[in-house]
Structures are given as structure tokens and as C-alpha cells.
Amino acid sequence: MKKSIICIAFLTAMATPGVYAQKAFKAFGETLKTDKRCLYVNSGMKTKSAQHVFKTVNEALECAERLSTSRPAGDNSEIKVYIEPSVYWIDNPDDPGMRLPLEGEGTPFGMKLKFSGIHLIGLSEAAEDVVLACQRGQTQGADGNFTMLHIDGDNITAENITFGNYCNVDLVYPRNSRLNRKKRADAIVQAQLVLCNGKNYKAKNCRFISRLNLCPFSGADDVLFEDCYFECTDDALCGTGTYRHCRFTFFSSKPFYATSAQGALFEDCEIHCKTNGIQYLTKASSPVTLRRCAFTSDDPNLKIEWTRKPNPRHKCYMTDCTLNGKPLVVPTTPDIPMPVSFPLFCINNIPEVTDGHWTADAHCPTDLGMYAFEADKTKPAWVFGEGMDGAEGCYGMIQNVKGARLMYTAHHDEEYKGQTVSVNLDPCKGPGQGFGSATGQYIDICIKFDTRSLTGYGVRFVRTPEYDKAVATYLVRYDNGTITQITEPAKCTIFRKGCHVEISSKDTQLSAEIRNGEEKMLLTAAVEPNAYGGIHIQHTGSTGASATVISNLRCIYSE
């Protein structure tokens, strides 16, 4: 009889939900037990979903998503995800495949999540002990600006965690050097962390590590960062953020592209600038407030400014701030009208190809492969005006759509022998990378060209994944629209403001001299002579801050 009672009691206990579906663990001196509101991640354990124990962060986040979306109406209880120290790869860095955006989207993600009321907690007071990692960026393991996480939801909190995209930064893990990993490539590309859609985001004692387009919870309506650390280059910080007691390392001059309408706020922050000359805070004029912030720099002559071209509507304020220990005051954006930039004038498209006339249109060349695009012919391909950023103060023809093309058609009943074309090229990308990304973005300057058959020779400047402050340049041949590279690519660090190109063809010799100040390089190739005399300029890059100002175009024919 006693045995039967014991057996029945045992079976009853086994059938009672939650009795054996719990795991005890330590969290900052307190013993906790797992349940549907308390998930536990430990890389040294096996996943036991019934116990809410997971080996990977991915599995825990997927479980949190299921639990969040199955909450009863009115249940606002928080789901906590506790994570033991280790490196957790959200995306497998050893998978050689390219990450692609989902159909209809432009950004590839490591994970896309839809949940609310989630609290991620690293089980160490040192944020560098718990690392959520990925190692992909634009053209480096991904087609698009690879982003580790996309979160759609409200009331998200993270603490004691490092979010790192180690595409262009070495992963150094002090607790276990076997988990260290070298960066994927030296050339800095867009490699992002967390994009959001929602409100009430918080990060406490977290680290955000990448370079270009860092994106720490970018897109959320409001984000509070407390005691966090950020490493980044341009277009990186969250424009809706309030940053309190945070530390920053700026590796370039414009950490924000722009802030929100209410502006970003920094209080009691430490900011170290690796830039020289001028440290701007935003690329596009927008409001920023700094209170009791300490800037430091290795450049004793560094200047701090709000933005390159401030708009008087955007109020910026600085109180009780220092630079290298000395009082720093950057004047508030003035109320007086600011000088207006030279306006951009649209140039009407001229699609016709006519002897002795120019053609201005948009065109997608044949050599772009997976980066081919449909040329937008509904608006002017070219504008005339002033460049921006690295081409500020430079005036000329500027691309207005992707694939902007400009051609001059020589007279078909004349035979042209020698031809020389010179032109100034002022890229808006100041550091020397020339274009927005290494996605088939280039500019060709061509001579000895037949505009009807698209046949002739040229010099190309193209952004590649190998360089982030240089382009590759080489000579090309067009043959009925088919484009062939005819010299080896050379690294070009002078495709910056002030770049002058002279390309010549005489007899069987094609040459292109590229100069910028005292620096110059020369490309040469043996070619077959032709009788053509047209000019062809093809740009396949993005526009705006990635465009190139073209000016002082001259052509000389020789017998």
C-alpha cells in the first residue's frame, strides 16, 4: 500500500507543470530559478527548452519571442534573459555564404525579432564578459549593410552586454583568448548592430563596438544609454538617444548623420577624439545638447564644431564642457540667417544621340552583375551646383540619379586620330573611398568613343572591399557595350577633392595621368587604334554625399 502511495505521488509530481522544469542559477549573489519569465543562457550547457535553459542566445531570443507574443491580453510582465559570460555568435562567422536581404528589403539581418517587454542581462558586472557578436558588413560577407539584430517592439532593456560587429575590429576576449577572433577585413565598411522599431529602449553598462554605421538601437523612438561605451566612425550613433555617464571613442569626424527633431543629449560623458583638425558632431545640421562633458584628443589643436553647415533652426547647446582639461565653448547655433549654398540647377535629360551634341541620361552598364539596377529616367540625371562634404566649394555637374551618364557624339563622317580629354573630379567622399560602398560603384572617363555602339577606351575609378580610404583604378575597353579591364588595378589614394585626370590616346598608346597636388600616378596600355572621337562619362554610384563633382572638361584632337 505504501509503495502504491509513493508511486502515485511520484507520478503526480512528474505530471505537475513546472516542478522539474526549472534550473537554479546564481545572479549577482541571488539564486534564481528558470521559468517562462526567467530564461537562462549558458554556452557550456545543453539546450533544454522545457527548463528554459539555452546554449545559444539565438535560441533564448526565439523562445522570448514566442513567450512575448503568446502573453494574455493585459499581461505586461517582463521576460528576463540572463546570459552567462562567453562570446555568442548571432551569425556564424565561419559560414562562407553571403548574407542577403529578405525579398523586398535592403538590409540583411542576423536575426529579426518581434517582441516587447524583454530584459537582456549579462551575468557579469564587466560588460566585456558577455559578448553578442557578428562579423559581416557591406560586401564583406553580406550584400547590404549587415545588421546583427532587428527588434520590432517596445520596452526593451539591455545591461552588462557587449554588442559587437567584428567585421573591421578585432574581437579580444580577456576571459578566454581562445575566443579571440581577427577582423574580417581592414577596409572599413557599413557593419551595424541593432536597428529597432518601437519605444522605451534602455541600455545600462553596455558596450557597442563597430566602426561605420554602428547603429546602437537606432530607429527606436527614445533610447536611454547609461554608463555605456561606444566605438565608431561616421553615421553611427542613435539620433534619438540620451547618453548619461557614457564614454566614446570617435575614429572620424561625424559620429551622427543627424539627430531627431528633439535632438540628442549628452550628460557627464567622456569623449575621446581620434580625428585631427575639426571634430564635428553631426553630418547634417541637427540639434545636440552637451552638459558637463569632457573631450580629449591627441591633437592639441583640435576644434569642436556642431556641423559643417549649421541651420539656424537647429539649436545646439553646450554647458560646462572641457577639451583636454580646458574650458570648451562652442557657440549656440545663431538666430541670424546663414549663407545659402549655391542652388542645384537641374539639367534636362537629353536622351538623343546626335552628331556634335551632348547626351545626358541614366544608364546601367553591362558589367554590374548582382549590382545591376534599373535606371531612373523619370527625373534629371544631372544637376549643376556645389558639392557637399569633401567636395564643398567645388562647382560643376553632379549626378542626380544612380547611373548618370554624359556623352559627346563626334561627327560620324570624320576620322579622329589622337585625342586627349582632361577633367577635374571632386568626390564628395572626403577620405578617398570615392563612393558609397563597394557594390559596383565606379566612374568611367572614356575617349576615342563611339556613343552609338558604346565602343572605346577609358579609365575607371571604383570602390572595392580592399580599401576604405582609397579606390582602385585601371584602364578599360568598351566593345559594343561589353567592358573589359585592360590593366591591373592600382591603389589610388588621390581620388579626393582636387583630383585631375588627363586621358590620351595616340596611335597604339593609351595613357591616363591622375594628379592631385604634387601626387600623381600614370596608367598605360597598348590598344588598337580607332577612328572615333566621342566622350563618355558613366557614374554608377549613389548620389548626394556619394556623388562626384565634374568640372573643367576639355578635349583636344590631334592628327
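All of these numbers come straight from a predicted model, not from anything done at the bench.

Describe the pattern of salt bridges, with residues and values.
For the structure on display, the rule yields 23 salt bridges. What emerges from the salt-bridge pattern is a single network uniting Asp 91, Asp 95, Arg 99 and Arg 136.

Outline the packing of aromatic side chains, supporting the account with residue identities and numerical values.
Enumeration according to the criterion identifies 24 aromatic pairs in this entry. Plain terms: the ring middles of Phe 230 and Tyr 243 are 5.5 Å apart, the flat faces sit at 75° to each other, and that makes the pair edge-to-face. Note that Phe 230 is positioned in strand 19 (residues 229-232) and Tyr 243 in strand 20 (residues 241-244), a separation of 13 residues in sequence. Across the pair, Tyr 243 and Phe 230 agree in class, each one buried. Between Phe 256 and Phe 266, the ring centres sit 6.0 Å apart and the planes meet at 80°, which makes this aromatic pair edge-to-face. You can see Phe 256 sitting in the loop between strand 21 (247-250) and strand 22 (264-267) and its partner Phe 266 sitting in strand 22, a full 10 residues away along the chain. Here the two residues Phe 256 and Phe 266 agree in accessibility, since each one is buried. In this structure an aromatic cluster arises from ring pairing among Phe 163, Tyr 201, Phe 208, Phe 217, Phe 225, Phe 230, Tyr 243, Phe 248, Phe 250, Phe 256 and Phe 266.

Provide a residue-level description of the sheet that holds strand 9 (residues 130-134), including the pertinent values.
The sheet built from 10 strands is open, its strands ordered 6-9-14-17-19-21-23-26-29-30 with mixed pairing. The open sheet terminates on both sides in strands that have one partner only, identified here as strand 6 (86-89) and strand 30 (326-328). Here the average twist between neighbouring strands, direction ignored, is 20°. The sheet contact formed by strand 26 (residues 294-297) and strand 29 (residues 321-323) spans 2 bridges and is parallel. Directly across from Ala 294, in strand 29, lies its bridge partner Thr 322.

Conventions adopted
- Residues numbered from 1 in each chain as written.
- Predicted model: local features only at pLDDT ≥ 70, side-chain atom pairs only at ≥ 80, totals over all residues.
- Heavy atoms only, no water.
- Salt bridge = Lys/Arg side-chain N within 4 Å of Asp/Glu carboxyl O.
- Phe/Tyr/Trp six-rings, centres within 6.5 Å; stacked < 30°, edge-to-face > 60°.
- Helix = DSSP H or I, 4+ residues; strand = E, 2+ residues; numbered from the N terminus.
- Buried < 20%, exposed > 50% of the residue type's maximum accessible area, 1.4 Å probe, protein only.
- Pairing = 2+ DSSP bridges.
- Axes fitted to C-alpha atoms, helices over the stretch in contact; angles between N-to-C directions.

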